[in-house]
Structures are given as C-alpha cells and as structure tokens.
Amino acid sequence: TSICGVTAITALAPAIKASNRDIAVAVANTVAFGTVGMLTYPYLFHTICPTPEQVGVCLGVSIHDTSQVLGSAMSYSEMYGEEMALKAAAVTKLTRNLGL
C-alpha cells in the first residue's frame, strides 16, 4: 500500500480472491492508522523536521489517504503558520497518486 491504501486494497482484492471480511479489516486498519497519523504526525514532524517543506513531504509520504494527508497538512499550516507544508504535502501525495 505504498501508493494508496484503500484504493490498492479494493483494486487487488479480486485478484487475490480476498474475502469480504479480509477486505473490511484491511480497509478499517488503513483508515484507523491514517486517522492516528493525521492527528499526531503534524506535532511529531514539527519536532523532527527542520523546514515546513520537509514536514509536508513527510506528511505526504507517511499517510495513505489523500484527504488525511491534506487534513494533517492543513492542521500543521494553521497551527504553525506555514502554508508551504500544505503545498508540499499536496504535491507529494498527488505525485504518489500518479503511481496508480
């Protein structure tokens, strides 16, 4: 799921004959961990990344769902007054989406 979690799961599920239960568990885990990341990563990356651009890239590569990436980047942008993090996160995630 390095490109997109839920899309990859739903696209690959028929090919591997995954059961509905397996699909549901995989999707639920992807969304749950993405939500945790969306809420915690802005604070974490603020402490370990020296520039807003690096924060944006880290958010864009570490969270699977596009809306969660943008939500976390927007939170970061609002909290720390750094719009560049939002732009970098959006470009990074949308670049990953091109791999689909």
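Scroll up to find the structure this text is about.
Let us look at the structure shown here. (Residues numbered from 1 in each chain as written. Predicted model: local features only at pLDDT ≥ 70, side-chain atom pairs only at ≥ 80, totals over all residues. Heavy atoms only, no water.)

## Some words on the packing of helix H3 (residues 52-62) against helix H5 (residues 83-97)
Contact pair H3 / H5: the axes reach a minimum separation of 7 Å and the direction vectors enclose 35°. Between H3 and H5 lies a crossing whose hand is right-handed. Across the interface between the two elements, Pro 52, Glu 53, Val 55, Gly 56, Val 57, Leu 59, Gly 60, Val 61 and Ser 62 of H3 pack against Met 84, Ala 85, Ala 88, Ala 89, Thr 92, Lys 93 and Arg 96 of H5. The residue inventory of the contact of H3 with H5, partitioned by class, reads 9 nonpolar, 4 polar and 3 charged. (Axes fitted to C-alpha atoms, helices over the stretch in contact; angles between N-to-C directions. Helix = DSSP H or I, 4+ residues; strand = E, 2+ residues; numbered from the N terminus. Left-handed = near helix turned anticlockwise from the far one by under 90°. Contact = heavy atoms within 4.5 Å. Nonpolar A, V, L, I, M, F, W, Y, C, P; charged D, E, K, R; others polar.)

## Observations concerning helix H4 (residues 66-80)
Taking 1.5 Å per residue, 15 residues should reach 21 Å; H4 reaches 21 Å between its end C-alpha atoms and fits that length. Looking at H4, one finds that the buried residues are Gln 68, Val 69, Ser 72, Ala 73, Tyr 76 and Ser 77. Buried residues along H4 sit in contact with helix H2 (20-48), H3 and H5. (Expected span 1.5 Å × (residues − 1). Buried < 20%, exposed > 50% of the residue type's maximum accessible area, 1.4 Å probe, protein only.)

## Some details on the packing of H4 against H5
At their nearest, the axes of H4 and H5 sit 8 Å apart, and the two run at 165° to each other. The angle between the axes of H4 and H5 places the two elements in the roughly antiparallel class. The way H4 lies across H5 gives a crossing that is right-handed. In this structure, H4 contributes Thr 66, Val 69, Leu 70, Ala 73, Met 74, Tyr 76 and Ser 77 to the contact, and H5 contributes Glu 83, Ala 85, Leu 86, Ala 89, Ala 90, Lys 93, Leu 94 and Asn 97. Residue classes in the contact of H4 with H5 are distributed as 10 nonpolar, 3 polar and 2 charged. (Parallel < 35°, antiparallel > 145°, perpendicular 65-115°, else oblique.)

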